[in-house]
Amino acid sequence: MPVKTEHRTLRVLLAAGLVLPALALAQGKKDEAPKKLYCWNENGQRKCADSLPPEAMAAAREEISIRSGMRTGEVQRAMTGEERAAQAEEEAKRKTEALAAETRRRTDQAMLTSFQSEDELRRVFSERINLVDNSINTARYNVTSLREGLVTLLRSAGERELAEKPVPEKLATDIRVRHAQLLYHSALQSSFERQRAELDVEIDDILQRYRQLKASDAPGARVAMDLPPKPRQ
């Protein structure tokens, strides 16, 4: 009786504990993910393996199916710290330029809507001009006063030396202090004068930009820009 023999064999295998491991092995092979190869370049040589060594983790690589031999994926190499920093810097630069362009657009629009003439625009700068001019005049006065005082002190020291008398320590100290003050206020005067020159350039640039905006915003310019192209004859 074949059926009884088959059932008897199955009972024997079950009793021996051999069927369940065999079924589990078969199921495991069925569910096992398809294996793949990893291929990368190392020191100019192409290498492939079924697992990545630690030194190849950051390398660019291809993933190839062992079953079909077809490429199934690609991974770019990891960026270095310098490359990540450069990428972040480039992104920050792009955002800054975009923000500057938007700020420029809003500033241009504000100029057109806020000022009806160049004279109105010039009056905005009058306070800054007066402030810088006053600073220059004060610095020039201080420099002149300090220079005259230093000349007086040096004359006194020179007369004592000509008379073969020692120069008092207080007089020598006053000369050193006055000379240091003169150098400081001279540098301050130069700084204010440089600011004034830069302000003139800034005002001139803004006025030119204002004239360009006014010209492009004129009614005739807007109409010309809005007119459709002439039909071809």
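Criteria and cut-off values
Residues numbered from 1 in each chain as written. Predicted model: local features only at pLDDT ≥ 70, side-chain atom pairs only at ≥ 80, totals over all residues. Heavy atoms only, no water. Helix = DSSP H or I, 4+ residues; strand = E, 2+ residues; numbered from the N terminus. Pairing = 2+ DSSP bridges. Axes fitted to C-alpha atoms, helices over the stretch in contact; angles between N-to-C directions. Disulfide = S-S within 2.5 Å. Buried < 20%, exposed > 50% of the residue type's maximum accessible area, 1.4 Å probe, protein only. Contact = heavy atoms within 4.5 Å.

(A) The environment of Leu 37, seen in detail. Positionally, Leu 37 belongs in strand S1 (residues 36-42). With 24 residues separating them in the primary sequence, Leu 37 and Arg 61 have C-alpha atoms 9.9 Å apart.

(B) Local environment of the sheet that holds S1. The sheet built from four strands is open, its strands ordered S2-S1-S3-S4 with antiparallel pairing. The strands lining the two open edges of the sheet, one partner per strand, are strand S2 (45-49) and strand S4 (71-75). For this sheet, the mean inter-axis angle between neighbouring strands, taken without regard to orientation, is 25 degrees. Strand direction decides the pairing type here: strand S3 (residues 61-65) and S4, joined by four bridges, are antiparallel. Among the inter-strand pairings, Ile 64 is bridged to a residue of S4, identified as Arg 71.

(C) Examining the state of the cysteines more closely. The full count for this structure, using the stated rule, is one disulfide. Across the disulfide from Cys 39 sits Cys 48; the S-S distance is 2.1 Å. Here the disulfide of Cys 39 and Cys 48 is right-handed, its torsion about the S-S bond being about 115 degrees.

(D) Main features of unusual backbone geometry. Phi at Glu 164 is positive, roughly 60 degrees, even though this residue is not glycine. Here Glu 164 lies in the loop between helix H4 (118-162) and helix H5 (169-217).

(E) Region of the structure containing the pairing of S2. Where S1 and S2 come together, five bridges link them in antiparallel fashion. If you follow Tyr 38 over to S2, its bridge partner there is Ala 49. Linking S1 to S2, which pair antiparallel, is a turn of two residues; within it Asn 43 sits at a positive phi near 55 degrees.

(F) Geometry of the environment of Lys 35. If you trace the backbone, Lys 35 turns up in the loop between helix H2 (19-31) and S1. Given a relative accessible area of 52%, Lys 35 falls into the exposed group. Residues Lys 35 and Ser 65, 30 residues apart in the sequence, show an inter-C-alpha distance of 6.4 Å. For Lys 35, the contacting residues outside a window of four places in its chain are Ile 64, Ser 65 and Ile 66.

(G) Representation of the environment of Ser 145. Tracing the backbone through its elements, the reader meets Ser 145 in helix H4. The spatial distance from the C-alpha of Ser 145 to the C-alpha of Leu 182 is 8.9 Å, given a sequence separation of 37 residues.

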